Amino acid sequence: MNWDDTTGTSDDEPLAGPAGERLVGSVADREDQAVEAALRPKDLGEFIGQEKVREQLDLVLRAARARGATADHVLLSGAPGLGKTTLSMIIAAEMEAPIRITSGPAIQHAGDLAAILSSLQEGEVLFLDEIHRMSRPAEEMLYMAMEDFRVDVIVGKGPGATAIPLELPPFTLVGATTRAGLLPPPLRDRFGFTAHMEFYEPAELERVVHRSARLLDVEIDPDGAAEIAGRSRGTPRIANRLLRRVRDYAQVKADGLITQDIAAAALAVYEVDVRGLDRLDRAVLQALLKLFGGGPVGLSTLAVAVGEERETVEEVAEPFLVREGLLARTPRGRVATPAAWAHLGLAPPRSGAAGNGQGDLFGA
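Scoring rules and cut-offs
- Numbering of residues starts from 1 in every chain and runs along the sequence as written.
- Confidence filtering applies because this is a predicted model: local features only for residues at pLDDT of at least 70, side-chain atom pairs given and counted only at 80 or more, and all residues used for totals across whole chains, interfaces and linings.
- Hydrogens and waters are ignored; side-chain quantities use all the structure's heavy atoms.
- Numbering of helices and strands runs from the N terminus; a helix is a DSSP stretch of H or I covering at least four residues, while a strand is a stretch of E covering at least two.
- Buried, partly exposed and exposed residues are distinguished by accessible area as a fraction of the type maximum, computed with a 1.4 Å probe on protein chains only: under 20%, between the cut-offs, and over 50%, respectively.
- Working rule for contacts: check all heavy atoms of both residues, and any pair within 4.5 Å makes them a contact.
- For our purposes a nonpolar core is just a set of buried Ala, Val, Leu, Ile, Met, Phe, Trp, Tyr and Cys residues, chained together by side-chain atoms within 4.5 Å.
- We define a salt bridge as a contact between a side-chain nitrogen of Lys or Arg and a carboxyl oxygen of Asp or Glu at a distance within 4 Å.
- Note on pairing: DSSP must find at least two bridges between two strands before they are called paired.
- Here the axes come from fitting lines to C-alpha atoms, over the contacting stretch only for helices, and the angles between their N-to-C directions go from 0 to 180 degrees.
- In this classification, the charged set is Asp, Glu, Lys and Arg, the nonpolar set is Ala, Val, Leu, Ile, Met, Phe, Trp, Tyr, Cys and Pro, and all remaining amino acids, among them Gly, are polar.
- Known as pLDDT, the predictor's confidence for each residue is given on a scale from 0 to 100.
- A 3.5 Å cut-off defines polar contacts: any pair of N or O atoms within that distance qualifies, except that in protein one atom must be a possible hydrogen donor and the other a possible acceptor, and neighbouring residues in sequence count only when both atoms are side-chain atoms.
- The arc in question is the one traced by the directions running from the helix axis out to the C-beta atoms.
- For this classification, under 35 degrees means roughly parallel, over 145 means roughly antiparallel, 65 to 115 means roughly perpendicular, and everything else is oblique.
- By convention, the crossing between two helices is left-handed when the near helix turns anticlockwise from the far helix through less than a right angle, and right-handed when the turn is clockwise.

1. Digging into the overall build of the chain
- Summing up its helical and strand segments, the chain has 14 helices and 10 strands in all.
- A buried classification covers 49% of the 364 residues belonging to the chain.
- Across the chain, contacts joining residues at least 24 apart in sequence account for 71% of those joining residues at least 6 apart.

2. Here's the deal with the nonpolar core
- Counting 53 residues, the largest nonpolar core has Leu57, Leu87, Ile220, Ile228 and Ile258 as its most contacted members.
- No other element matches helix H9 (residues 236-253), which puts 7 residues into this core.
- Setting aside residues up to four positions removed in sequence, Ile228 forms contacts with Val209, Ile220, Ala239, Leu242, Leu243, Val246, Ile258 and Ala263.

3. Section: the pattern of salt bridges
- Evaluated as defined, the whole model comprises 16 salt bridges.
- Close ionic contact of Asp248 with Arg247 constitutes a salt bridge, the shortest N to O distance being 3.4 Å.
- Residue classification places Asp248 among the partly exposed residues on the basis of a relative accessible area of 24%.
- The residue Glu308 makes a salt bridge to Arg279 at a minimum N-O spacing of 3.4 Å. Remark: Arg279 occurs in helix H11 (residues 279-291) and Glu308 occurs in the loop between helix H12 (299-306) and helix H13 (310-323); sequence separation between them is 29 residues.
- The class for Arg279 is partly exposed, based on a relative accessible area of 39%.
- What you see here is one network of salt bridges that share partners, running through Arg245, Arg247 and Asp248.

4. Some points on the pairing of strand S8 (residues 193-196)
- Taking every second residue as pointing to the same face, the buried face of S8 carries Phe193 and Ala195, while none of Thr194 and His196 on the other face is buried.
- Relative to S8, strand S2 (residues 74-77) runs parallel, the two sharing 4 bridges. Bridge pairing links Val74 to Phe193 in S8.

5. With respect to the packing of helix H4 (residues 110-118) against helix H5 (residues 136-148)
- Contact geometry of H4 with H5 gives a least axis separation of 8 Å together with a crossing angle of 35°. From H4, Ala110, Leu113, Ala114 and Leu117 reach across to H5, where they touch Pro137, Ala138, Met141, Leu142 and Ala145.
- Among the residues making up the contact of H4 with H5, the classes are represented as 9 nonpolar, no polar and no charged.

6. Notes on the environment of Gly234
- Structurally, Gly234 can be placed in the loop between helix H8 (222-230) and H9.
- The exposure class assigned to Gly234 is buried, which follows from its relative accessible area of 9%.
- Residues Gly234 and Gly81 lie 153 residues apart in sequence; the distance between their C-alpha atoms is 9.5 Å.
- Not counting the four nearest positions on each side in its chain, Gly234 is found in contact with Leu82, Phe199, Tyr200 and Leu205.

7. Some details on the confidence of the model for the chain
- Mean pLDDT over the chain works out to 82, with 87% of the residues at or above the 70 mark.
- Counting interchain partners and residues more than four positions distant, the pLDDT-below-50 stretch residues 1-20 has 48 contacts.
- Overall, residues 352-364 carries pLDDT values under 50, and its contacts beyond four positions in sequence, including any with other chains, amount to 9 contacts.

8. As for the side chain of Ser77
- Among the structural elements, Ser77 can be located in strand S2.
- A distance of 3.1 Å separates the side chain of Ser77 from the side chain of His196, its partner in a polar contact.
- Look past the residues within four positions of Ser77 in its chain and what remains in contact with it is Lys84, Thr177, Ala180, Ala195, His196 and Met197.

9. Some points on H12
- Along H12, the residues classified as buried are Leu299, Leu302, Ala303 and Val306. Down the axis, H12 shows its buried residues gathered within 100° of arc, on one side only.
- Residues of H12 that are buried in the fold lie against H11, H13 and strand S10 (333-336).
- Once H12 finishes, Gly307 follows within two positions and takes phi at roughly 80°, a positive value.

10. What about the packing of helix H7 (residues 202-215) against H8?
- The N-to-C vectors of H7 and H8 enclose an angle of 120°; their axes lie 8 Å apart at closest approach. By the angle class used here, H7 and H8 are oblique. As for how H7 packs across H8, the hand of that crossing is right-handed. Between H7, through Pro202, Leu205, Glu206, Val209 and His210, and H8, the contact on the second element is made entirely by Pro222, Ala225, Ala226, Ile228 and Ala229.

Next comes the structure, spelled out in structure tokens:
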């Protein structure tokens, strides 16, 4: 396996400051990357969850092996931490091919891509993370490389510039993106197989936790695994991170065995509640409910009330709150749902009262 030294930042890279240090954040820090390398399944049979994707991908890879050909190009989309990088490595392992890993932000010029493509071996898998962040010139070069296994290298500048065609060995591109909608149609259409990674069900995450605990030599009972899985936001990366923190607590405060009570106590210390909300999530909900009566309230106002940047509230906290049905985005602003009031144990305002406490200002 080859790791491209030019790999740069991506959308999955941790944010600076408190938002980037969240225990329930889906971005991978250095510790996560080191642990994930040891925990990653090696083939599709070991991979947990994503049943439809696994079944479809298995057919694609088996057919390619039967033909003695390289596999079709694969596009994987979905939130961070769901297994896109793991699947790319499994594709290479199933095809018995080497893999080269790089990212869209690392490819800022067409020459960067040409250097990578020209050094590929026949049948090699090229994993391009955050493919939607690749530069436009490199993107246009990739069209021809994917379709015709050829690139035109421009030598010289101005009127004297010459395009030299360079033949490429057949290879498989595996693109990963957290924002499939940002991919231009010409690029998206060149992938022979596309798959969207869904969030995991609690039962699937329990299996992930049990498997990781076994590999990490951690004792855990079924109720302890269920407690961790239920707070993991449907994301294996978060489940594995919570498992490691609960393991630490169990080793220091108990006899090392993770039970439901131990898991709950440990996650209370780390301020992760029963629905997977952390301090930032609850701060947003508490400001929305207590200061603004449940809304509607503008994003900037809400961010000031929480003491965070607007982008932090919008991009870090809100997606999960919306997915959990605790918060709604409306044209008038952010609005809390009945589930948010219930989760924080607060009584919603009387029917007909304005959410922000100013409903009588104009006689409404």
